[in-house]
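Below, each chain spelled out in residue letters.
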Number of protein chains: 2
Amino acid sequence: MRRDVFQAIADPTRRAIIGLVALGALTPNAMAEHFEISRQAVSKHLRVLTECEIVKQQHHGREIFYHLQIEKMKEVADFIEPYRQMWETKFDQLEKVLNTLK
Amino acid sequence: MRRDVFQAIADPTRRAIIGLVALGALTPNAMAEHFEISRQAVSKHLRVLTECEIVKQQHHGREIFYHLQIEKMKEVADFIEPYRQMWETKFDQLEKVLNTLK
DNA sequence: TATTTACGAAACCATTTGGTTGCAAATATA
DNA sequence: TATATTTGCAACCAAATGGTTTCGTAAATA
């Protein structure tokens, strides 16, 4: 199976988990409270995120806190960057045309 | 089935198609030459990309040219933006620490 | 010590995915 | 007009996905 950042953020629940963990490390149980799905389903998503190295485990007694590895998200930013330049150029050119028309 | 930009960019072939179409509109046949998979497989990816409104068709005789709708990619940029700010802040703080140590 | 709690892992299931081959239809060309 | 080309669509298939329930184990607690 594919295991990369793009696969990781494809699922809406996983994007929500990333959003939660961005605010602070959490245990699977704490996360599950935010969703309609079971704790085990959240755990399966966490497994994917761990395999993608988007989160890291920190054991603390019988609890496991999941921390966001924010740098991993950079891969998505790197992918989108050239396209961002494209639509900004497009916008600039449109602006020029509009200014000329004035 | 889920039909959003995140689903669209989850597949590596679709990311490659987006990259190709970014350089200029192409027909499915022309795209298929760049990949190992069949013309029909490319067509199925194009269907997904069309449903996500990442590409638009332009009929020209019996050929169909696919154009990139660059603005759609903005949704990904909007998603990543807050995280970009997070890792930049992190980097700035690290830099401060390193400067103090000097 | 006995029980509860937190968790991952496994088995299972329906649906989706990403590929294939084989059409039919529309357009271009001989 | 007959034939070739370009394309989308349907049927099919194996594998992956996202969920469930059940279970074993380790740690906290009564």
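Remember, it's a predicted structure, so these values are computed and weren't measured experimentally. Throughout, a residue's number is its position along its own chain's written sequence, starting from 1. Following the order in which they are written, the chains are lettered starting with A and the ligands numbered starting with 1. Totals for whole chains, interfaces and linings use all residues, but because this is a predicted model, local features are given only for residues with pLDDT of at least 70 and pairs of side-chain atoms are given and counted only at 80 or more. Water and hydrogen atoms play no part in the side-chain values, which are based on all heavy atoms of the structure.

Engineer: Lay out the packing of helix H2 (residues 12-23) of chain B against helix H4 (residues 39-51) of chain B in plain terms, naming residues and giving numbers.
Structural biologist: Two numbers describe a pair of packed helices, the interaxial angle and the distance between the axes. Residues and elements named next belong to chain B. Orientation is described by axes fitted as lines to C-alpha atoms, over the contacting stretch for helices, and by angles from 0 to 180 degrees between their N-to-C directions. For helices the rule is a DSSP run of H or I covering at least 4 residues; for strands it is a run of E covering at least 2, with both sets numbered from the N terminus onward. Axis separation between H2 and H4 bottoms out at 10 Å; the angle between their running directions is 75 degrees. The angle between the axes of H2 and H4 places the two elements in the roughly perpendicular class. Across the interface between the two elements, Thr13, Arg14, Ile17 and Ile18 from H2 touch Val42, His45, Leu46, Val48 and Leu49 from H4. Polar here means any residue other than Ala, Val, Leu, Ile, Met, Phe, Trp, Tyr, Cys and Pro, which are nonpolar, and Asp, Glu, Lys and Arg, which are charged; Gly is therefore polar. Here the residues of the contact of H2 with H4 sort into six nonpolar, two polar and one charged. Relative orientations are named as follows: roughly parallel for angles under 35 degrees, roughly antiparallel for angles over 145 degrees, roughly perpendicular for angles from 65 to 115 degrees, and oblique for any other angle. Contacts between residues were defined by any pair of non-hydrogen atoms, one from each residue, lying within 4.5 Å.

Engineer: Residue-level account of the interface of chain B and chain A, with values.
Structural biologist: Across the boundary between the two partners, chain B contributes 25 residues, which contact 25 residues of chain A. Once two parts are joined, some of their accessible surface, as seen by a 1.4 Å probe, is lost; buried area is that loss totalled over both. Of the roughly 2300 Å² buried at the junction of chain B and chain A (both faces included), carbon and sulfur atoms supply 75%. Its largest share of buried area at the contact with chain A, chain B owes to Ile70, Tyr83 and Trp87 of chain B, together 25% of the area lost on that side. Take a side-chain nitrogen of Lys or Arg and a carboxyl oxygen of Asp or Glu: if they are within 4 Å of each other, that pair is a salt bridge. Inspection of the chain B/chain A interface yields four salt bridges. Of the charged contacts, one joins Arg15 of chain A and Asp4 of chain B as a salt bridge, the two residues approaching to 4.0 Å between their closest N and O atoms. Of all elements in the fold, only helix H1 (5-8), H2 and helix H5 (74-101) of chain B reach the threshold of two or more residues within the side of chain B that touches chain A.

Engineer: I'd like to hear about the pairing of strand E1 (residues 55-60) of chain B, residue by residue, with values.
Structural biologist: Working note: regular strand, side chains alternate between the two faces of the sheet. Sheet analysis places E1 of chain B next to strand E2 (residues 63-68) of chain B, joined by six bridges and oriented antiparallel. Bridge assignment links His59 of chain B to a residue of E2 of chain B, and that residue is Ile64 of chain B. Two strands are counted as paired when DSSP detects at least two bridges linking them.

Engineer: Can you tell me about the protein's contact with DNA strand C, naming the residues and giving the values?
Structural biologist: To be near a molecule or strand, a residue needs just one of its heavy atoms within 4 Å of it. Residues in contact with DNA strand C amount to 26 residues; listed here are only the nearest, Ser43 and Tyr66 of chain A together with Ser38, Lys44 and His45 of chain B. Restricting attention to atoms of DNA strand C within 4 Å of the protein, one finds that 63% of them are sugar or phosphate atoms. A 3.5 Å cut-off defines polar contacts: any pair of N or O atoms within that distance qualifies, except that in protein one atom must be a possible hydrogen donor and the other a possible acceptor, and neighbouring residues in sequence count only when both atoms are side-chain atoms. At 2.8 Å, a side-chain N or O of Asn29 of chain A approaches a phosphate oxygen of DNA strand C. In this structure, His45 of chain B approaches DNA strand C through a side-chain N or O atom, which is 2.2 Å from a phosphate oxygen. The set of elements that each furnish at least two residues to the surface near DNA strand C consists of helix H3 (28-32), helix H4 (39-51) and strand E2 (63-68) of chain A together with H2 and H4 of chain B. With four residues, H4 of chain B is the single largest residue contributor to the surface near DNA strand C. Broken down by class, the residue content of the surface near DNA strand C amounts to six nonpolar, eleven polar and nine charged.

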